[in-house]
Amino acid sequence: MSARVGIGYDSHRLVDGDSLRLGGVDVPYDRSLDGHSDADVLAHAVTDALLGAAGMGDIGQHFPDSDAQWAGADSMELLGAVVVKVSAAGFAIVNVDCTLILEAPKLGAHRDAMRARLASALAVNSARVNVKATTGEGMGFVGRGEGVAALAIAALDHAD
Ligand code: MG
């Protein structure tokens with residue numbers, strides 16, 4: 001087997017709303033994330049990490065935001081579709097690690113649910129998925145509460 005790794009990064013703007021969709025979990029908050037799809041910044045970062053590790057481009061190539069069929073899309077379904085493509089190309093997911101970067105709200109109570117939802121979409125045991133969170137310490141667009149960012153890394157095996 002040969003190992004591949006890929007990185008993913010995404011950010012979305014915060015707007016007036018009532019919850020944040022993060023890793024397929026709706027976290028109650030007085031803001032929401034703005035985007036063409038459901039703006040699930042965590043799902044998008046994980047999707048790009050998988051595509052990167054597989055050498056299959058990025059989420060914008062597979063689901064262009066110029067295409068109306070992806071408006072309001074459930075990003076966890078898009079992630080599931082990418083998992084199918086990556087698996088069909090002969091890759092197995094070893095692990096996925098990710099970090100949400102947001103000033104608020106605290107995510108501790110939702111982290112296990114995000115991990116379980118991501119593991120389900122990735123079709124792996126939740127032990128292969130890790131979700132972390134940190135703040136911007138008041139600095140930059142995250143610190144000013146203008147948006148939320150997410151980083152992800154995926155390791156894949158390919159039976160070469
Ligand atoms: Mg995005």
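The rules behind these values
- Residues numbered from 1 in each chain as written.
- Predicted model: local features only at pLDDT ≥ 70, side-chain atom pairs only at ≥ 80, totals over all residues.
- Heavy atoms only, no water.
- Pairing = 2+ DSSP bridges.
- Helix = DSSP H or I, 4+ residues; strand = E, 2+ residues; numbered from the N terminus.
- Axes fitted to C-alpha atoms, helices over the stretch in contact; angles between N-to-C directions.
- Contact = heavy atoms within 4.5 Å.
- Phe/Tyr/Trp six-rings, centres within 6.5 Å; stacked < 30°, edge-to-face > 60°.
- Buried < 20%, exposed > 50% of the residue type's maximum accessible area, 1.4 Å probe, protein only.
- Donors = N, O, S within 2.8 Å, 3.2 Å for Na, K, Ca; no water.

## Notes on the sheet that holds strand E1 (residues 2–16)
Read across the open sheet, the 5 strands follow the order E4-E1-E7-E5-E6; overall the sheet is mixed. Each edge of the open sheet is held by one strand with a lone partner, namely strand E4 (31–34) and strand E6 (129–134). Within the sheet, the average angular offset between the axes of one strand and its neighbour, ignoring direction, is 25°. Note that E1 and E4 share 4 bridges and pair antiparallel. Its bridge partner being in E4, Asp16 is matched across the sheet by Arg31. Of the strands in this sheet, strand E5 (91–101) and E6 touch helix H4 (residues 111–122), which is tilted by about 140° from E6.

## Quick look at the packing of aromatic side chains
Evaluation of the coordinates by the stated rule reveals 1 aromatic pair. Considering the side-chain rings of Phe63 and Trp70, the 4.9 Å spacing of their centres and the 85° angle between planes classify their relative orientation as edge-to-face. The exposure classification of Phe63 matches that of Trp70, with both residues buried.

## Observations concerning the coordination of the magnesium ion
For the magnesium ion, every protein donor is listed as Asp10 (OD), His12 (NE2) and His44 (ND1), and the spread of their distances is 2.1 to 2.2 Å. Read N to C, the donor residues that coordinate the magnesium ion are spaced as D-x1-H-x31-H. Of the two residues, Asp10 is situated in strand E1 and His44 in helix H1 (residues 41–54); the sequence distance between them amounts to 34 residues. Take His44: its relative accessible area is 8%, and that puts it in the buried class.

## Some points on unusual backbone geometry
Ala104 connects to Pro105 through a cis peptide bond whose omega is 0°. Note that Pro105 resides in the loop between E5 and H4. One non-glycine residue, Ala123, lies in positive phi territory at about 60°. By secondary structure assignment, the location of Ala123 is in the loop between H4 and E6. For Ala123, a relative accessible area of 64% translates into the label exposed. Of note, Glu137 is a non-glycine position whose phi angle comes to about 50°, a positive value. Checked against the element boundaries, Glu137 lands in the loop between E6 and helix H5 (140–143).

## Remarks on the environment of Asp157
Mapped onto the fold, Asp157 is located in strand E7 (residues 147–158). Its relative accessible area of 22% is what places Asp157 among the partly exposed residues. Residues Asp157 and Asp10, 147 residues apart in the sequence, show an inter-C-alpha distance of 24 Å.

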